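Coordinate inspection notes
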Amino acid sequence: MIVSNPYQPVKAEVLEIITETPQIKTFILRPETSLPYLSGQFMQVTIPGVGECPFTPSSDPKKTETIEFTVMKAGQATSRMHELKPGEAVGLRGPFGRPYPLEKYHGKDVYIIGGGVGIAPLRALLLALFHELDHLNKIELRLGARSPRDLPYKEEMIGWRKKANLVLTVDRGADDWPGEVGVVTEIMKPGDVDFETAVAIVCGPPIMMKFATKKLLELGICEKNLYLSMEKNMTCGIGKCFHCNLGKHLCCKDGPVFTWSEIKDIPDPW
Ligand SMILES: Cc1cc2nc3c(=O)[nH]c(=O)nc-3n(C[C@H](O)[C@H](O)[C@H](O)COP(=O)(O)OP(=O)(O)OC[C@H]3O[C@@H](n4cnc5c(N)ncnc54)[C@H](O)[C@@H]3O)c2cc1C
């Protein structure tokens, strides 16, 4: 019997690189073998000569020939990744983890809260939800970034507004900024959705996740309807190395998507 090696990456060619912001780029990759994934799942990306990092694809999961990752420059590996040129290759392992359970969102208002590069995984979710609009009540998006120039997908958002209600905020505005100024919790308001029955999905930096969760609970969201993308130190991706434990859970296998009811008893899960 041939057992495939879960640590063996699939080679993927860099087709195109889009500069989203001074710190964020989207990489359009063509893997040698198709790697179907669902929104919320992540992959381990090998940057040759540097190492592996976990990233959540940001592209429409229905597109199978290419996979996109939107990556913020953080340290050594992501800085090297930002130097990649079209024609070069990376390695991909995965997909891993538990995706967003889209079927559970049917018949409900969907409230999506994102911050910074956390908007990347939410883009894959949003593009997946756009295929299911007939099954949803409505989509409300509340997205934040440090400044207008730190906001990814600005052009693409024009199209999003035809299918979802989008409110943007930045910590520091600019003269030509038409959106709100303030942290993302300030644009989360009673009446945005039917909080008693809605599902809410949050992805962003830990501090934003913490305060968005608090605000959502105050607004009346049910704990089991609040979905959080938890980012821990994923290494193996397959539940072997125990680097990513979150209470009794392994973030790579049991997550990265958790409901608040599953993790609320863990002291400081952020
Ligand atoms: C499931 C998952 C999905 C992710 N998806 C994305 C994505 O779509 N786009 C994106 O830009 N980033 C994403 N990240 C974060 C990304 O993996 C890290 O930014 C990256 O590994 C940093 O590598 P580095 O060598 O450049 O930086 P390092 O030198 O390793 O670290 C630089 C900084 O980044 C922080 N960092 C390192 N690893 C992580 C991590 N696993 N999570 C959060 N912060 C980290 C460190 O604390 C440090 O402050 C994701 C992380 C996880 C766990």
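Predicted model only: the values in this text are computed from it and were never measured. (Residues numbered from 1 in each chain as written. Predicted model: local features only at pLDDT ≥ 70, side-chain atom pairs only at ≥ 80, totals over all residues. Heavy atoms only, no water.)

1. Details of the overall build of the protein chain
What counts is decided by this rule: Strands here mean DSSP runs of E at least two residues long; helices mean DSSP runs of H or I at least four residues long; both are numbered from the N terminus. Only the C-alpha atoms count toward the radius of gyration. The rule for a globule is 2.2 Å times the residue count to the power 0.38. Relative accessibility under 20% of the residue-type maximum defines a buried residue, over 50% an exposed one, and the middle range a partly exposed one, all with a 1.4 Å probe and only protein chains included. Contact definition: two residues touch when any of their heavy atoms are within 4.5 Å. Under the convention used here, a 1.4 Å probe and the Shrake-Rupley method define accessible areas, while residue burial counts only the protein chains that appear. None of His or the chain ends enter the tally, which takes Lys and Arg as positive and Asp and Glu as negative. Lys charges are placed at NZ, Arg charges at CZ, Asp charges at CG and Glu charges at CD.
Each helix and strand counted, the protein chain has 6 helices and 15 strands in total. Computed over its C-alpha atoms, the radius of gyration of the protein chain comes to 18 Å, within 12% of the 18 Å expected for a compact globule of 270 residues. Considering only C-alpha atoms, the protein chain reaches an extent of 55 × 45 × 35 Å along its principal axes. Here the protein chain, with 270 residues, has 53% of them falling under the buried criterion. When contacts within the protein chain are restricted to residue pairs at least 6 apart in sequence, those whose partners lie at least 24 apart make up 67%. Here the protein chain displays about 12,800 Å² of accessible surface, and carbon together with sulfur accounts for 52% of that area. A gap of 3 Å separates the mean positions of the 32 positive and 33 negative side-chain charges of the protein chain.

2. A few points about the sheet that holds strand S10 (residues 180-181)
Formally: Pairing between strands is defined by DSSP: at least two bridges between them are needed. For helices, the axis comes from a line fit to the C-alpha atoms of the stretch in contact; other axes are also lines fit to C-alpha atoms, and the angle between any two N-to-C directions lies between 0 and 180 degrees.
Across the sheet, which stays open at both edges, the 7 strands sit in the order S10-S9-S8-S7-S11-S12-S15 with mixed pairing between neighbours. What marks the edges here is a single partner per strand, and that holds for S10 and strand S15 (257-259). In this structure, strand S7 (residues 109-115) lies alongside strand S8 (residues 138-145), joined through 7 bridges in parallel fashion. From the neighbouring strand, Val110 faces S8, where its bridge partner is Ile139. Strands S7, S8 and strand S11 (199-203) of the sheet are contacted by helix H2 (residues 119-130), whose axis makes an angle of about 155 degrees with S7.

3. Considerations on the site of the ligand
Our working definition: Put simply, a residue is near a molecule or strand once any heavy atom of it comes within 4 Å of that molecule or strand. We define a polar contact as two N or O atoms separated by no more than 3.5 Å, with the added condition that, inside protein, one atom must be a possible hydrogen donor and the other a possible acceptor, whereas residues neighbouring each other in sequence contribute only through side-chain atom pairs.
Residues in close proximity to the ligand total 17 residues, the closest being Pro54, Thr70, Met72, Gly75 and Thr78. Within the contact set of the ligand, a nitrogen atom lies 3.2 Å away from a backbone nitrogen or oxygen of Thr56. Note that an oxygen atom of the ligand is positioned 2.4 Å from one of the side-chain N or O atoms of Thr78. Its free accessible area being 840 Å², the ligand has 67% of it covered by the protein chains. Residue assignment for the shell around the ligand shows that the elements contributing at least two residues are strand S4 (51-55), strand S5 (67-72) and helix H1 (76-82).

4. Some details on the side chain of Arg93
One can find Arg93 in strand S6 (residues 89-96). Looking at Arg93, its side chain comes within polar contact range of the side chain of Glu52, at 2.6 Å. Those residues in contact with Arg93 that sit more than four places away from it in its chain are Pro6, Tyr7, Gln8, Pro9, Met43, Gln44, Glu52, Thr235 and Cys236.

5. Overview of the pattern of salt bridges
Inclusion rule: Salt bridges, as used here, are contacts in which a Lys or Arg side-chain nitrogen is within 4 Å of a carboxyl oxygen on Asp or Glu.
For the coordinates displayed, the defined rule picks out 13 salt bridges. Where Glu13 meets Arg30, a salt bridge forms, and the shortest distance between an N and an O atom there is 3.2 Å. Pair noted here: Glu13 is in strand S1 (residues 10-19) and Arg30 is in strand S2 (residues 24-31), with a separation of 17 residues, a long-range link. A relative accessible area of 33% means that Glu13 is categorised as partly exposed. Between Arg80 and Glu88 there is a salt bridge whose closest N-O contact spans 3.3 Å.

6. Some points on the nonpolar core
Rule in force here: We call a set of buried residues a nonpolar core when its members are Ala, Val, Leu, Ile, Met, Phe, Trp, Tyr or Cys and they connect through side-chain atoms within 4.5 Å of each other.
Ranked by size, the top nonpolar core spans 34 residues in total, and within it Ile113, Val202, Leu216, Leu228 and Met230 carry the most contacts. Secondary-structure elements contributing two or more residues to this core are S7, S11, helix H4 (206-219), strand S12 (226-229), helix H5 (251-254) and helix H6 (260-263). Broken down by element, the residue count for this core peaks at 5 residues, all from H4. Those residues in contact with Met230 that lie beyond four places of it in its chain are Met209, Leu246, Cys251, Pro256, Phe258, Ile263, Pro269 and Trp270.

The quantities given are spatial measurements derived from coordinates; they are silent on function.
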